[in-house]
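Analysis of the macromolecular model
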Amino acid sequence: MNHPRHPRLFGDHFLTSLTDEEQTVVQRVRELCRDTLGPNAAEVAQQDVFAWENFRLLAREGIVGTAFPRRFGGTDARQQLRVRIIEELGRVCSTSASLITGTDLSSRAIVAGASEALQEQLVPGLCTGELQAAFGLTEPEAGSDVRGLQTRFRRTSEGYRITGRKKFITRASTADWFVIVGCAEDDPSTFLAALVPRDAPGFSIGPEVGKLGWYGVPISSLTLNDVAVPASHRLGAEGEGFSLAQDALLRARIGHAAMALGRAIGAVEIAAAYASDRSSFGKALGEHQGVQWMLADMVTSIEASRALLALTAQKYDNGDTDVATYASMAKLQATDLCMKVVTDALQLTGGRGYLQDFPLERFFRDAKLNQIGEGASEVHKTVIGRDWMRRARSAERNPCLREGSLVDY
Ligand SMILES: Cc1cc2nc3c(=O)[nH]c(=O)nc-3n(C[C@H](O)[C@H](O)[C@H](O)COP(=O)(O)OP(=O)(O)OC[C@H]3O[C@@H](n4cnc5c(N)ncnc54)[C@H](O)[C@@H]3O)c2cc1C
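As annotated in an unreviewed UniProt entry, the protein chain carries the name 3-sulfinopropanoyl-CoA desulfinase and comes from Hydrogenophaga intermedia. Check the Catalytic activity (unreviewed entry) section of the UniProt entry for the protein chain; it says "3-sulfinopropanoyl-CoA + H2O = propanoyl-CoA + sulfite + H(+)". UniProt, in the comment section headed Sequence similarities (unreviewed entry), describes the protein chain in these words: "Belongs to the acyl-CoA dehydrogenase family."

1. Here we look at the pairing of strand S4 (residues 177-184)
Consecutive residues of a regular strand have side chains that alternate between opposite faces of the sheet. For S4, the buried fraction is high: 8 of the 8 residues fall into the buried class. Note: strand S1 (residues 133-136) against S4, 4 bridges, orientation parallel. Across the sheet, the residue bridging to Ala-134 is Phe-178, located in S4. Pairing between S4 and strand S5 (residues 187-197): 8 bridges, direction antiparallel. Bridged to Ile-180 within S5 is Ala-194. Between S4 and the antiparallel strand that follows it, S5, lie 2 residues.

2. Some details on the UniProt feature "domain: Acyl-CoA oxidase/dehydrogenase middle" (unreviewed entry) in the protein chain
Mapped onto this numbering, the UniProt entry gives "domain: Acyl-CoA oxidase/dehydrogenase middle" (unreviewed entry) at residues 134-227. Measuring from the first to the last C-alpha atom of residues 134-227 gives 17 Å, for a span that is 0% helix and 53% strand.

3. Considering the layout of surface pockets
Of the pockets and cavities examined, the second largest pocket occupies roughly 610 Å³. Residue lining of the second largest pocket: 21 residues in total, with Arg-8, Arg-34, Arg-91, Val-92 and Glu-269 positioned closest to the centre. Among the secondary structure elements, those contributing two or more residues to the lining of the second largest pocket are helix H1 (20-44), helix H3 (79-92), helix H6 (241-277) and helix H10 (359-370). Per-element tally for the lining of the second largest pocket: the top contributor is H1, with 7 residues. For the lining of the second largest pocket, a count of residues per class yields 9 nonpolar, 5 polar and 7 charged. Among the domains, domain 1 (13-128) and domain 3 (243-391) are the pair contributing at least three residues each to the lining of the second largest pocket.

4. Some remarks on the site of the ligand
Inspection of the region around the ligand gives 17 residues, with Phe-135, Thr-138, Ser-144, Thr-170 and Glu-378 positioned closest. In the model, a nitrogen atom of the ligand is placed 2.7 Å from a nitrogen or oxygen of the Thr-138 side chain. Contacts to the ligand include Ser-144, whose side-chain N or O atom sits 2.7 Å from an oxygen atom. Contact with the protein chains hides 65% of the accessible area of the ligand, taken as 970 Å² for the molecule alone. In terms of residue count, the dominant contributor to the shell around the ligand is strand S3 (residues 159-170) (3 residues). Two domains share the shell around the ligand, each providing at least three of its residues, namely domain 2 (133-240) and domain 3 (243-391).

How each quantity is defined
- Residues numbered from 1 in each chain as written.
- Predicted model: local features only at pLDDT ≥ 70, side-chain atom pairs only at ≥ 80, totals over all residues.
- Heavy atoms only, no water.
- UniProt positions renumbered as here; feature names shortened; annotations may be inferred.
- Buried < 20%, exposed > 50% of the residue type's maximum accessible area, 1.4 Å probe, protein only.
- Helix = DSSP H or I, 4+ residues; strand = E, 2+ residues; numbered from the N terminus.
- Pairing = 2+ DSSP bridges.
- 1 Å grid on protein atoms, 1.4 Å probe; cavity = no way out; pocket = protein on both sides within 12 Å on 5 of 7 lines; lining within 4 Å.
- Points joined across faces, edges and corners; volume = space filled by probe spheres on them.
- Nonpolar A, V, L, I, M, F, W, Y, C, P; charged D, E, K, R; others polar.
- Domains from an automatic or database assignment.
- Near = heavy atom within 4 Å.
- Polar contact = N/O pair within 3.5 Å; in protein donor to acceptor, adjacent residues only side chain to side chain.
- Areas by Shrake-Rupley, 256 points an atom, 1.4 Å probe, with all protein chains shown as cover.

Structure follows, in structure tokens:
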């Protein structure tokens, strides 16, 4: 990889596991960030309308296609490459990063569960950005607890009739196709997923809803009123709707972690530059021990979290069975630390950081959603704690202990 004029504040050590071809992709993303996406990020984030220019650029450059199989024009990138791409984008522009993680969320169930014919029809267009999908899981009564879904699939001779409501759906205003997840009307424990086209009779999309950050990827609600869907548009088998959604969420969680780490890295770069340019009490701000300690906490936690994410991406690529727990850990760690790092970085830049013509104000607003979307931090803590208690029950005991139950120790 070519090195720019100045070395980066954070080194390139996480690139060593990539092939030369993969490193070239990262290099291209860096150029896009340096020349276009970074300089335009503030403008893109001024209003919450879909960031078509960024999306088309990322599609044209093959970055959107990293999520799709080669046989349909994608590059089926390893997660080890995807996290590096998303981190680069997140370092300058959350909108661009979320366009890539959102592609996984909205399209993964299509790649994993659509019939070959439907994939042939849709995936090439999803790769080039000519088509867009959205992922409809969350409902008024079911957010963190997706098993409370109220959307119902009624079986008919041709397929299904779907009735339900969805909320907070990213890309609803621009998507051509919607992945809708719900339950069988006669058996709420059977989860189904199906593809619904934007113009299906009985399907309506609500107005965009204003939000705190993540501008450029608007959200809306959906209403399905007895929408007819042919059986050929079902994704996966009956009963697989939940696992298809989980796979999309798993990849999107890894993406959230990468985006959050990218943003945290960007925030530290900005705060450290400010601390080196700005003087206070007769010396550079960054020469005060209190500032150095804040910086030390930030960079140490970021590098530790990047290592956890790299391990998680590797586990995904290897098909390891414990990857879901690691994705939860990586997302929990990276998104919580991003919120803290961005807050501290803004603090270090004083009044300048609080103003809208400085990137940290945007970073600060964007950081919050990573702690909520694709599973709130508290939900991931529950998942992790439960899984590690399950592991503890059958794990090797520490050799300092005597044999037997600790109840009678
Ligand atoms: C900008 C944006 C984009 C989104 N895009 C999409 C999309 O494209 N598709 C889609 O389907 N959804 C989308 N969502 C929905 C998102 O995934 C949910 O908001 C998220 O899963 C949390 O669900 P909820 O908002 O209903 O929160 P709730 O379930 O009401 O939870 C509220 C809070 O309670 C706490 N909590 C919940 N459960 C527990 C627990 N068991 N233990 C401890 N604390 C708990 C957490 O702090 C949580 O934040 C989007 C949301 C936003 C804001």
